[in-house]
Amino acid sequence: MNQLEPQRGKAEPAGLDVVVTTMSSDSHTWNLVFLQLLLEELGHRVTNLGACVPDELLVSECRRIEPDLIVLSSVNGHGYHDGLRVIRALRACPELAATPTVIGGKLGIAGSGDPDRQRTLLTAGYDGVFEEGRSVADFRSFVGGLPAASRALPAPADRVLTADRVLPADRALATDRALPTAARTLPTATASGVLR
């Protein structure tokens, strides 16, 4: 083989494989779209399972995907109770017992910041708890500290979401660039309808 010839081999993919989901009682989706866009902006690959995901489906999809991170988000105020049930199911599965898993959003109806609630969720098996009102920077820092996260590459910016239209990135107006970067990337749907 010529030494100047490029080496052909399998390149290690950059970034993490992340599953983003709600739990069975939560029908909200905008929080999932935001998380997906944020994670993709950080260079990670995201499978968005959507709203009202039954525990069995969540576990089976995570077993199939073998993600590097599972992110559960709740907006309806039942995240604490649903989250305790879901983490038990995830941790009972040998393939997922050590997968980093976090929960966030509106976890209770009595407000956020309850240290007992956070401690209980961490003790139950979550690696991070990000209740509403907590900084997105905390979540980004957590994700950035995971193995392989340091290899993440910027997501391609070939499309820009403006208030009323989608433009190629090179035609975006200067005012559109003032939007948070995560709000300027569009999710894509797979054939099964799951956002990717």
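Heads up: the structure comes first, above all this text.
Residues numbered from 1 in each chain as written. Predicted model: local features only at pLDDT ≥ 70, side-chain atom pairs only at ≥ 80, totals over all residues. Heavy atoms only, no water.

Draft legend 1. Inspection of the sheet that holds strand 2 (residues 45–50) at higher detail. The strand order 2-1-3-4-5 describes an open sheet built from five strands, whose pairing is parallel. At either end of the open sheet lies a strand with only one pairing partner, and these are strand 2 and strand 5 (128–131). Sheet twist, expressed as the mean angle between neighbouring strand axes with direction ignored, is 20 degrees. When strand 1 (residues 17–21) meets strand 3 (residues 69–74), the two strands line up parallel, connected through four bridges. Looking at strand 3, one finds that Val20 is bridged to Val71. Strands in contact with helix 3 (residues 79–92) are strand 3 and strand 4 (101–105); relative to strand 4, the strand with the most contacts, it is inclined by about 170 degrees. (Pairing = 2+ DSSP bridges. Helix = DSSP H or I, 4+ residues; strand = E, 2+ residues; numbered from the N terminus. Axes fitted to C-alpha atoms, helices over the stretch in contact; angles between N-to-C directions. Contact = heavy atoms within 4.5 Å.)

Draft legend 2. Spatial organisation of the pattern of salt bridges. Taken as a whole and assessed by the stated rule, the structure comprises nine salt bridges. The salt bridge involving Asp55 is made with Arg85; its shortest N-O contact spans 2.5 Å. Note that Asp55 is positioned in helix 2 (residues 55–65) and Arg85 in helix 3, a separation of 30 residues in sequence. Given the relative accessible area of 12%, Asp55 is considered buried. The class for Arg85 is partly exposed, based on a relative accessible area of 29%. Through salt bridges with shared partners, a single network forms among Asp55, Asp82 and Arg85. (Salt bridge = Lys/Arg side-chain N within 4 Å of Asp/Glu carboxyl O. Buried < 20%, exposed > 50% of the residue type's maximum accessible area, 1.4 Å probe, protein only.)

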